[in-house]
Every structure is written in C-alpha cells, then in structure tokens.
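# Geometric and topological summary
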Amino acid sequence: MSTSDPAKLITKADKLTKLSLTRWSADWRTATQLYEQAAIGFRVAKDYEKAKSAFEKASQGQEMLSSPWDAAKHMESAAALAKELSNWTEVADFYRKASELYIVCSRPQPASDALAKAARALEDAVPDEAIQLYTEACSILEEDEKEHMAFDLYRAATCVYIKLEKYTDAATFLLRWGLAADKCKATNSQCKAYLSAIIVYLYARDFKQAEKCYNDCAQIDVFLGNDHGRCASKLLSAYSEGNIEEIKRVAQSSTISNLDHVIIRLARKLPTGEVSAQKTDAAEEEEEPLDEDDLT
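Residues numbered from 1 in each chain as written. Predicted model: local features only at pLDDT ≥ 70, side-chain atom pairs only at ≥ 80, totals over all residues. Heavy atoms only, no water.

Further remarks concern the layout of surface pockets. Counted as a void, the largest pocket has a volume near 150 Å³. Taken together, 15 residues line the largest pocket, and the ones lying closest to its centre are R155, W177, K192, S196 and D260. Mapped by element, the contributors of at least two residues to the lining of the largest pocket are α8 (151-163), α9 (167-183), α10 (187-203) and α16 (261-268). Broken down by class, the residue content of the lining of the largest pocket amounts to seven nonpolar, five polar and three charged. (1 Å grid on protein atoms, 1.4 Å probe; cavity = no way out; pocket = protein on both sides within 12 Å on 5 of 7 lines; lining within 4 Å. Points joined across faces, edges and corners; volume = space filled by probe spheres on them. Helix = DSSP H or I, 4+ residues; strand = E, 2+ residues; numbered from the N terminus. Nonpolar A, V, L, I, M, F, W, Y, C, P; charged D, E, K, R; others polar.)

Before going further, it helps to spend a moment on the environment of V222. Mapped onto the elements of the fold, V222 is located in helix α12 (residues 221-224). By relative accessible area, V222 is classed as partly exposed at 37%. For V222, the residues in contact, after removing those within four places along its chain, are T187, Q190 and C191. (Buried < 20%, exposed > 50% of the residue type's maximum accessible area, 1.4 Å probe, protein only. Contact = heavy atoms within 4.5 Å.)

Moving on, we come to unusual backbone geometry. Of note, the amide linkage connecting L270 to P271 takes the cis form, showing an omega dihedral of -5°. Unusually for a residue other than glycine, S106 sits at a positive phi of about 60°. Take S106: it is sitting in the loop between α5 (88-104) and α6 (108-122). Residue S106 is classed as exposed on the basis of its relative accessible area of 59%.

All right, on to the pattern of salt bridges then. Enumeration according to the criterion identifies 16 salt bridges in this entry. E90 serves as the salt-bridge partner of K52, at 2.9 Å between the closest nitrogen and oxygen. Here K52 is found in helix α3 (residues 48-64), whereas its partner E90 is found in helix α5, with 38 residues between them in sequence. A salt bridge links D227 to R230; its shortest N-O distance comes to 2.5 Å. Here the residue D227 and the residue R230 both occupy positions in helix α13 (residues 227-241), the gap between them amounting to three residues, near one helical turn. The class of D227 is partly exposed, set by a relative accessible area of 44%. (Salt bridge = Lys/Arg side-chain N within 4 Å of Asp/Glu carboxyl O.)

Here it is, written out as structure tokens:
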C-alpha cells in the first residue's frame, strides 16, 4: 500500500469517510491509515501542498478515533509544511490546533512547545503574531506552575519586542519574567530581568519609568542586595547627576556584560537622551517651592 499513488490513496480514503446507500458508517480507522500513507508519499515527492492537506485529514481521522495525541502530531506536520510554503496564517492556525489537542491530552509542555514553534516560524514575517504566540505559550506553562520551563520564551518575546522598538512592552515582559523567576526561586534570573527592564526604559529615554521600576524592584530584598540591584542604582544615580562618563562606565560593567546579548547592545548605547535634563529635573524636585507670602 505504501508504494501506491498517494493521490489514489486519498481518493480511496475519502470514499471511506462518506456515507452512501451501501455504506452506513464511515471507516475512519482504515481511512486515517490511508491519509497517513498518502501524506508521507506526497512529502517524499516534495508536493508539500498535497502533503499538508493529507496530514490535516489524517489529524481529523485521529480525532474521530479519539486519539488527540496522534491528531496533534499530524497537525504539527501540517504546520511544518505550511511553513515550507510560507503560508503564515496556516502555520499559526495549525500549531494552535495542535496545542489545543495536546491540552486535551493534559500535556501542557508539548502544547506550549507547539505555540513556540509557530512563534519562531513567524518572527520575521509576522512579528506581532509571533509575540502573541510566545505569550500564549508562556501562559500555558505559568498556569501549570512550570515557569522555569518558559525562560527561553520570555527571552524570545522580549527580543521581538525590542526589534519592533516596542520598548515599554519589552520592559513589561521582562518584569513578567522576573515575577516568574521569583515563583520558582531563580534569584539570578529574577534580578537579571529587573535590571534588563530598567536598561530598556533608559534606552527608550523614559527615566521616570526606569526610576519607578527600580523603586518597585528595590522592595524585593534579593534585588536590592544583589549586584544587579547595585548596578541599577549606580546607573540611575549617574543619570540623575548628568554624568555621561559614569553611565558609560557602568554600562561596560561585568554585571551588564552577563545579561542577554540584546540587552547588552542597548546598554552599550546609553545614554540615548539628553542626560543633563535628568539632572535638572532631579534638582527641581528636591527644591522646596517658595512661599510667596514670605517674600519681602
């Protein structure tokens, strides 16, 4: 059967799934086997469009046979072929369907992995959709309390946000990573994420948000007493003082050199804004307003 024309296998399988006067019930078991053989045959022949369609049908067959795991595997195969055809909508749809099927099997890890595969495939062509997929993949692991398995996903999503110059979103995702790291007691990753978020805000010329972020993170003892917390404090102090040389010196520190490459690149470009303005703003906030009634 495996040497048969895959097109003929599809035709035969289709007939087995359709009811007629002589067939009162569909033979999904036999049909699914034929769809699977046809899919492999088309893929070997590099007829990816037909192979993709055959894997879709094989996935449907496995669902009809109450085998969501095998259905998910076939849907992933269809998604991989959609990627070869640069059909990005189907890549996202098929991997999402595979993820849903894995959830039916109570398998959150492969469900998250399927979404991550889709996200990686879409990063260049449809980056906004890739971010959404990474976010969904993270959520699955967070809900299963397996945040430690999502670190690469947080990193990947942050990189895409930075490529899109969506710096506030990138910083927000880094803080989400920090919270996840806190839940699984990954102190080093937690502190790295917080320092990285502050650097992103500074790169985006949002000193006030960077300062607010630091103040919030400083409420956490492990950050405040950590090299990353001290580095963030030095960086913000240099900004407040308008000390460009100190900013550059801190940005070259070993603490920052051990962050992710995309964050290091941003740090090495600091300062990006008018630093003297930060010095002026800080000084103005420290001054007490004059009481006009006391003027003589």
